[in-house]
Amino acid sequence: MSDLFDEEPARPAPERPGRRARALVITGVVLVVGFFLLTAFASIYTDRLWYKEVGYSQVFSTMLWTRVGLFLGFGALMAAIVGVNMHLAFRFRPLFRMSPSDASVERYRDAVTPIRGWLLGGVAVVVGIFAGTSAVGQWRTFQLWLNSQSFGSKDAYFDKDISFYVFRLPWWNFVVDFVMAATVVALIGTAVVHYLYGGIRLQESHDRLSPAAQVQLSVLLGVFVLAKAVDYFLDRYDLVTDDHRLFTGMNYTAENAVLPARNILVGVALICAVLFFLNVWRRTWQLPSVGLALLALSAVLLGMIWPAIVQNVQVDPSEADKENPYLQKNIDATREAYGLSTVETAQYEGSANPEANAAQARAVLGQLANAPVVDPLQVRDTFQQRQQVRSYYSVPQVLDVDRYTIDGQEVPLVLGARELDQSGIPTGDQNWSNLHTVYTHGEGLIAAYANQIAPNDEQNGRISWAEGIGSGSSGKTDLSETSEFETRIYFGELSPSYSIVGKSSDDANDVELGLANVGSGEVQRTTYDGKGGVPIGSTFNQLMYAIKFGEPNFLLSGRVHGNSKVLYNREPVERVEKVAPWLTVDSDPYPAVVDGKIVWIIDGYTTTDKYPNSQRDSFESMTDDSLQQETLGIQTIPTDEINYMRSAVKATVDAYDGTVTLYQWDEKDPILKTWMEVFPGSVKPKSEIDEALLEHLRYPEDLFKVQRFQLARYHVTDAGSFYSGNNRWEVPEDPNSTRQVFQPPYRLFATGEGDRVDSDWSLTSVFVPYRKGSLAAYLQANSDATKDDFGKLRLLEMTDQSAQGPGQVVNEMKQDQKVTDTLRDLNVQQDTPPRYGNLLTLPVAGGLVYIEPIYVVRTTGAGSFPILQYVIVKYGERVGIGETLPAALGDALDVDTSGSGSSGSGGDSGDGGDGGDGQGSGGTIDERIASALREADDAFKAAQQAQRNGNTVKWAQEIDKAQKAIDRAVKLADQRDKAAADKAGKGDNGKGDNGGNGDADAGEDSEQ
């Protein structure tokens, strides 16, 4: 009894620590999963709102449901294959006690059995998620397969339409790879279950597999090998897109060794699969094992060793002959895939002799008004200093070149959008309200004449402004003739990540900061009222965007109200990539003034790396040059390598309201046609392009870079010559760049070949022989979209092997005595060395003319910026330098333009006083040349002033007057050269003692 009373009273059992920890873990997992689900939902929901706002809801829904369908379809298929096989392995487990030797697996079986159902479901779900995620990335491949359009041409080896390789084969490869992957995962899961439950007994010396395990494993292995047979069969078609040392596509070894080997491997794999299926009944692994070993041995011997023997024994000793027909097909396919099959090729002398100098000079000077001398890279700082107005405005690092009709004359312009750069806002003022509701947009375009230099206006960098503010004496000309011009830029390359716009009521104050009135200092306020932007008036939408941007002010700030809109995804390239995720977008969007508003124009390309037998190269490497900017775009192919490219789409983005419009440009491109089937209505027909927009469409730069890269080798169309490599070219390095990168192409009014003097708005580049500095060829693409021959590629191949390339020309310019003397004085006066602008090459009248601007950096109270100080000109063997292009050309003619007398004296001006030939008779021949050039220079200045004043008639008269004076000077220079040549040929007979009079007499004799 006492023991009963001595016992302590019972206490409640303490709660086990593990239960509390488990509850905390479960709560944490639920919170984390809930957070990710909410974030994912907010992302999808806001994306839906954005696509609806830009008018591309169908694109969003097609992409979403395609991805969802692929995820669910392939995820469920993978989960079902793995789950069913693991369930069958358990269902048909052996119903006998484990032998003592199997006791080591009892612990695992006992641990798994209570949670067997959960574990099976978990494994199926996990592998299904991985498979579904992998399938989601194939949505483009699936849609191309589902909507494929015919190319209308067949490959050279399997006689299949090219659409099979571009659209269908990639999808079938994915399906076969999926089947093999699913079979392997199911095989592993099945083997584990059989091992745990006794179906596989590794400790036994015989009967290691139960009958059920043997049947199931045999079927799975048979399916895998059968899928491998299909894979071998499809791999045959991949031979036309395989990369080899010499080229991409089918080669001798592939056709005569690899292709037969894969045909044999298909048969061996089929036999092996049959043996595995027969093993369901035969219950012996001997034959399947032999078949599998034979397949592996065949894959090594036939797939690897035999092709290597053929390559080293048959091909390498006589590679030129063996590979000739295959290389020829590669050449033909490459030229077709990159749009090079219609290049117009002509021979070009490329050098000037004394008799041809006059003709060259006449052609150059005749087009003087359109010769670009303003470098879009160098003058960027000048634009910044002279036209940015406030520190929070900026222009792109590389300006754009376009052409506009001003006062009836089509002129090239260097221009940039004055965009908002929030990094220029004082640090203390960079709060959320200012960054996202006040500083919201840029304002207007800044443009300068690319072909005009303001002689004495160093305050503006000696640039003649065409559009801007505070342009001073150089005047200002609007680029739009409409009565209302929308200058605000809410969508641009430098736009903020997002902005909240809109007024709470009509009576509310404007809060967005506009372009200040520089003259009065008045601060302008404005409010965005465009149709773009996602409404966020509802609390739910504000919550979703607060989650998307991680910013609670969407819910807390008074600047977010019922009428608010949010602007985001504002970069033009980004907007086009989102509404057309199947496009490869050009890296350089450019602004244009169209119908009273600023629009961004972007070129969109269709690309693939599956075009049969076409050469595959890196897109990034082909387009890299000294002007290339780093861009992050959506890739439409697994890597950046391509072997087919078309300028398929012209896209525009309204700089004010963000409207994105896609126009079909290449109406024959099968890839574009396929995507138009996938997203019907997203691309407008070419016929809907407005005429005002058409005037500013240009030949795409990235396409041109890719074409010139390929043309460096594939201008050779004969396989034998191609293999020898004796006529291989390369794109020259930029002679003025510190990096080893390609010289960029340039836009200019380029002359036609031969004796043509008409000019085309063109994109141009040059080639040099491989590892040499001389000039090999000149490439020109017509960039005027209003002309029928838009996009026509003209290739001028130099017949003169000594024609100088860019590097040689720049070196010779720098070493010229007149240039070094001039720049030496410049170096003494300035703190920084001069900057060399872009070197332009112009083929004119059988010769080549080179133009390069020289800039100096001047430091002022407002900062430093480059000033266009000199222009260097070289044609023939002559180099000239001057403050203007006419002066530099006059210097290159080796005449003294600083002589006494005005251009109108001595009977040298006008058309009178010269006996009807317009050449005059007073003074020496050099004096007469100098007088004519001064007259031309004065006339050009008068023409520029008339152009700024809007006097088109006066402008035409002065241009005509300048042209006549130039022609007169060129004829005189030609006569002087001929006289000098005659004198050298006849020897010194005393007639040369008269100096200039002797030259004049020779000139008069020549005239007669």
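This text goes with the structure placed above it.
Residues numbered from 1 in each chain as written. Predicted model: local features only at pLDDT ≥ 70, side-chain atom pairs only at ≥ 80, totals over all residues. Heavy atoms only, no water.

## Topic: the overall build of the protein chain
When its secondary structure is counted, the protein chain shows 29 helices and 31 strands. Counting all 1008 residues of the protein chain, 52% fall into the buried class. The contacts of the protein chain with a sequence gap of at least 6 include a subset with a gap of at least 24, amounting to 70%. (Helix = DSSP H or I, 4+ residues; strand = E, 2+ residues; numbered from the N terminus. Buried < 20%, exposed > 50% of the residue type's maximum accessible area, 1.4 Å probe, protein only. Contact = heavy atoms within 4.5 Å.)

## A few points about the sheet that holds strand β14 (residues 565–568)
If you trace the three strands from one edge of the open sheet to the other, you get β10-β14-β13, paired in antiparallel fashion. The sheet is open, and its two borders are formed by β10 (498–501) and β13 (534–535), each paired with just one other strand. Relative to β14, β10 runs antiparallel, the two sharing four bridges. What sits directly across from Ser499, in β14, is Leu567. Its contacts with the sheet place helix α16 (residues 539–549) against β10, β13 and β14, and it is angled at close to 30° to β14. (Pairing = 2+ DSSP bridges. Axes fitted to C-alpha atoms, helices over the stretch in contact; angles between N-to-C directions.)

## So, the pattern of salt bridges
Counted under the stated rule, the structure contains 20 salt bridges. Its salt-bridge partner being Asp510, residue Lys503 comes within 3.5 Å of it at the nearest N-O pair. Overall, Lys503 belongs to the partly exposed group, its relative accessible area being 25%. The salt bridge involving Asp702 is made with Lys705; its shortest N-O contact spans 4.0 Å. (Salt bridge = Lys/Arg side-chain N within 4 Å of Asp/Glu carboxyl O.)

## Brief notes about unusual backbone geometry
Unusually for a residue other than glycine, Asp159 sits at a positive phi of about 55°. As for its position among the elements, Asp159 is in the loop between α6 (139–146) and α7 (162–196). Residue Asn613 is not a glycine yet carries a positive backbone phi of 70°. With respect to the helices, strands and loops of the structure, Asn613 is situated in the loop between β17 (597–608) and β18 (617–618). The exposure class assigned to Asn613 is buried, which follows from its relative accessible area of 4%.

## Quick word on the layout of surface pockets
Considering only enclosed or pocket space, the largest pocket measures out at about 1000 Å³ in volume. Every element with two or more residues in the lining of the largest pocket is listed here: β20 (644–654) and α22 (701–714). With five residues, the top contributor of residues to the lining of the largest pocket is β20. Class assignment for the residues of the lining of the largest pocket results in 16 nonpolar, seven polar and eleven charged. (1 Å grid on protein atoms, 1.4 Å probe; cavity = no way out; pocket = protein on both sides within 12 Å on 5 of 7 lines; lining within 4 Å. Points joined across faces, edges and corners; volume = space filled by probe spheres on them. Nonpolar A, V, L, I, M, F, W, Y, C, P; charged D, E, K, R; others polar.)

## Notes on a negative patch on the surface
Together, Asp595, Asp690, Glu691 and Glu695 give the surface a local cluster of negative charge. Residue placement: Glu695 occurs in the loop between α21 (691–694) and α22. (Patch = residues over 30% accessible without salt bridge, like charges linked within 9 Å, V, L, I, M, F, W, Y side chains within 5 Å. Areas by Shrake-Rupley, 256 points an atom, 1.4 Å probe, with all protein chains shown as cover. Lys, Arg positive; Asp, Glu negative; His and termini not counted. Charge placed at Lys NZ, Arg CZ, Asp CG, Glu CD.)

## Some remarks on the nonpolar core
Within the largest apolar cluster, 125 residues are counted, with the highest numbers of intra-cluster contacts made by Leu413, Val566, Val576, Trp582, Leu662 and Phe767. With 53 residues, the next largest nonpolar core counts Ile453, Ile463, Tyr746 and Val766 among its residues. (Core = buried A, V, L, I, M, F, W, Y, C linked by side-chain atoms within 4.5 Å.)

## Remarks on the packing of helix α12 (residues 324–337) against α22
Contact pair α12 / α22: the axes reach a minimum separation of 11 Å and the direction vectors enclose 155°. Between α12 and α22, the angle falls in the class roughly antiparallel. Here α12 runs over α22; the crossing is left-handed. For the pair α12 and α22, the contacting residues are Asn330, Ile331, Thr334 and Arg335 in the first and Gln710, Leu711 and Tyr714 in the second. (Parallel < 35°, antiparallel > 145°, perpendicular 65-115°, else oblique. Left-handed = near helix turned anticlockwise from the far one by under 90°.)

## Some points on the sheet that holds strand β7 (residues 445–453)
Overall, antiparallel pairing links the four strands, which are arranged β3-β4-β7-β8 in an open sheet. Bordering the open sheet on either side are β3 (400–406) and β8 (463–467), each of which pairs with just one other strand. Recorded for the sheet is a direction-independent mean angle of 45° between the axes of neighbouring strands. Bridge count between β7 and β8: three bridges; the pairing is antiparallel. Residue Ala448 lies in a different strand from β8, and its bridge partner there is Trp465.

## What about helix α14 (residues 380–387)?
Each turn of an α-helix holds 3.6 residues, which means side chains three or four residues apart point in the same direction. For α14, every residue scored as buried is listed here: Arg380, Thr382, Phe383, Gln384 and Gln387. Phi turns positive one or two residues past the end of α14, at Val389, with a value near 70°.

## Quick notes on the pairing of β7
With nine of its nine residues buried, β7 lies for the most part within the structure. Sheet analysis places strand β4 (residues 409–417) next to β7, joined by five bridges and oriented antiparallel. When the sheet's bridge partners are listed, Leu415 is paired in β7 with Ala447.

## Brief notes about the packing of helix α3 (residues 57–91) against α6
Between α3 and α6, whose axes approach to 10 Å, the crossing angle comes to 100°. Judged on the interaxial angle alone, α6 and α3 are roughly perpendicular. Judged by residue contacts, Thr62, Met63, Thr66, Arg67 and Leu70 of α3 engage Trp139, Phe142 and Gln143 from α6. Taken together, the residues that form the contact of α3 with α6 break down as four nonpolar, three polar and one charged.

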